[in-house]
Amino acid sequence: MPRSFVFSRLKFFTFAVFSCAIAVIYVINHGTQITVFSVHQTYNQTNKALRLTPPENLAPKQACIHPPIKMDDPVMMSYYKKFPPPVCKGEENWVYVDNGTLRFSKSVVEKYGNFTCDFYNLVRIHEREVTWGSVYVNISEGYRIPTDFFKVICKSEDRHRYEGIHAGVAYTHDRANRPEVELTEGLGGVSVVLLGHDSLSRLSWMRHLPQTREYFLSLGAIELESHNIVGDGTTAVMFPMLTGRFERELPECGLNEKGAIPLDDFPFLWHDFKRAGYLTSWAEGLSGAFTWRMLGFSQQPTDFFTRPFFYSLKQGREFNAPCIGSQRTHQVWMNYFRDIFLMYRNKRKFLVHFFSEMSHWDNNLITRIDGELKDYLQFLHDGGYLNNTLLILLSDHGARYGDMRSTWQGKVEERLPYFSFLFPKWFEEKYPKAIQNLRTNTHRLTTPFDIHETLKDFLRFGGTEVGNVSNRGISLFKEIPLDRTCEHAQIEPHWCACLAWQNVSSADPFVQNVTKFAVGYINSLTSAFRSECAELNIENVTESLILKSRKELLKHSKYKNSNDMTLFQLTFFTTPGHGHFEVTVTYDNVRDTMAISEREISRINKYGNDAACIYNKNNDIRPYCYCIKDVTSMV
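Cut-offs and rules
Residues numbered from 1 in each chain as written. Predicted model: local features only at pLDDT ≥ 70, side-chain atom pairs only at ≥ 80, totals over all residues. Heavy atoms only, no water. Helix = DSSP H or I, 4+ residues; strand = E, 2+ residues; numbered from the N terminus. Contact = heavy atoms within 4.5 Å. Disulfide = S-S within 2.5 Å. Buried < 20%, exposed > 50% of the residue type's maximum accessible area, 1.4 Å probe, protein only. Pairing = 2+ DSSP bridges. Axes fitted to C-alpha atoms, helices over the stretch in contact; angles between N-to-C directions. Phe/Tyr/Trp six-rings, centres within 6.5 Å; stacked < 30°, edge-to-face > 60°.

S.K.: If you had to explain the environment of M294 to someone new, which residues and values would you point to?
M.R.: Note that M294 resides in the loop between strand 13 (279–284) and strand 14 (304–305). Residues M294 and C253, 41 residues apart in the sequence, show an inter-C-alpha distance of 5.6 Å. Beyond its immediate stretch of four places on either side in the chain, M294 contacts R128, T235, F239, E247, C253, G254, L255, L263 and A289.

This is the structure in structure tokens:
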């Protein structure tokens, strides 16, 4: 769980030589405390001009205004590449699934003659173990699959052999006959479907998926333009969106953590929707938002659950391949999504499908699937499957690693992911005020907590009045107040994209002390493993910033005259290991203390196997650990 660290020492003598002062006030959030700070300005006056200015088309009275970044920014476009779809080599899959039915490839039959197959059910034992269960021998063309994931071993009359792992949507009695509760307090029994890809900012989605986006907008989709993350990584988005809680507000569930429990009884929305008669899914690849450093689920959490399938693929080989047999990996994942609609067309659905493998490490790779993703959306639309479905396209955050993330705009984009909604045509006619508010909110500060409140409205509608700014989450069907700030939304300054940071010289003695404090805190996180994790030192500082608030924000703040806190944001490399970190440090002017929260540290380059020595001991400190054995091997 995130931790806080406070360090107090003698007054910095360099502070005494500060020659001029400016009041820079901003409300920041520490737990439930509201704190205001001021800054004594002694820094390089050549960096006085702020980079961020409010867009002209937004009302100046709005408190939170995100920076006017551009999709075709030359720096960002210099990292852009377009890739063709992957080519899957090798022999064609002998079998495939068509609406729950196993079909034999005609071309394979023509090549090898008739063949029969043995069918093996995939059995989930727990999150990190699967096995092959019941065997059905000598199945033939037209076999109705009894389970979603399976292996087939086929033999032809002339002794050719095929073995493959497959996915499809099976017809089951429980799914088909689940009673639906009359939702007298909800929004018309609409299916709610979320389809997401990892690590795509709003602008990166525009760059890399132009066909998909253009088609989605042509159907009437509504995009959020000021959607801000509330923490680092996928899990920090999924918990607020699906449970309405920060991870730190939930029971301990971390691997290797004392007293940790599985996530089965956490307040995920899919439990509420299932009780209302919805079919539910949590379908992701192998990355594991709730399993990478957590225990995961003891029981399968939803009706459709893809982790066992992707985990089975990893057995015996590394699962990063663009192909599964002769099928592209993303096709297998999207076909499973499509087949839920085909098999259970008239059932209410609450589906959360999220795929990391195509974009997590490199946004450019997702250009491979733009046309196909657009075709899947067109299939859903043309087939009438969206007539009673809210379809949400989303990402969790922007790119977190690499050269692009190291740029100023890359840092901003990480905090502003893609989010868009497509409602059935009749929905706006029935709920005009709700959609009017949603359109208004497209330029207001929104977060995953707001998405949570919005999704809850489909089970119990909370109305369309102006939202209460004191609430952490506000349904998008209410109007989000103009004076909403990151503090209201409980976004820590490190992640808030509507703050204006000003450059300051990293050579300034005070800033150097802050930097030493920051790396000292990072070392404190690994101190319990010092025999394995090297103590880090500053290699070089790439950026030093001090926080300056917009005058529009000050206009709405009731804490204009306080003089308490200074915020610094530092970006630096460490040695050994060349780790690249971005850290926000809070300096308390009154108490003369500095503080860091682990929640306000970003590791912005890959650590790969650098932390392999503690993988089975402590997952939380992986970004900060550089294994000593790697250091000694370089000597």
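Next comes the rest of the description.
S.K.: How would you explain the state of the cysteines if you had to name every residue and give the values?
M.R.: Per the stated rule, a full pass over the model turns up 6 disulfides. With its sulfur 2.0 Å from that of its partner, C486 forms a disulfide with C496. Disulfide C486 to C496: torsion about the S-S bond roughly 80 degrees, handedness right-handed. Of this pair, C486 sits in the loop between helix 15 (448–456) and strand 20 (500–503) while C496 sits in the loop between helix 15 and strand 20, placing them 10 residues apart in sequence. Of the two residues, C486 and C496, neither departs from the other in class, the shared state being buried. Bridging C613 to C627, the disulfide has an S-S length of 2.1 Å. Between C613 and C627, the S-S torsion sits near -95 degrees, and that sign places the bridge as left-handed. Of the two residues, C613 is situated in the loop between strand 25 (601–603) and helix 18 (628–634) and C627 in the loop between strand 25 and helix 18; the sequence distance between them amounts to 14 residues. Just as C613 is buried, C627 falls in that class too. What connects to what in the chain, once the bonded cysteines are numbered by sequence position, is 1-8, 2-5, 3-4, 6-7, 9-11, 10-12.

S.K.: I'd like a rundown of the sheet that holds strand 12 (residues 222–223), residues and numbers included.
M.R.: Here 7 strands make up an open sheet; going across it, the order is 12-19-18-11-17-13-14 and the pairing mixed. The sheet terminates laterally at strand 12 and strand 14, the two strands that pair on one side only. In this structure, strand 13 lies alongside strand 17 (residues 349–355), joined through 6 bridges in parallel fashion. Bridge pairing links W282 to V352 in strand 17. Across the sheet, helix 9 (residues 329–343) lies against strand 11 (191–197), strand 13, strand 14, strand 17 and strand 18 (389–395), angled at about 175 degrees from strand 17, the strand it touches most.

S.K.: Explain the packing of aromatic side chains to me, using residue names and the numbers behind them.
M.R.: Here a ring pair, both rings aromatic, is described through the centre-centre distance and the interplanar angle of the planes. By the definition in use, this model includes 51 aromatic pairs. Measuring from centroid to centroid gives 6.2 Å for F427 and F477, while their planes differ by 35 degrees, and the two rings are tilted. Within this pair, whereas F427 is found in helix 13 (residues 425–430), its partner F477 is found in the loop between helix 15 and strand 20, the two being separated by 50 residues in sequence. Per residue, the accessibility class of F427 equals that of F477, and both read buried. Measuring from ring centre to ring centre gives 6.3 Å for F572 and F581, while their planes differ by 40 degrees; the resulting arrangement is tilted.

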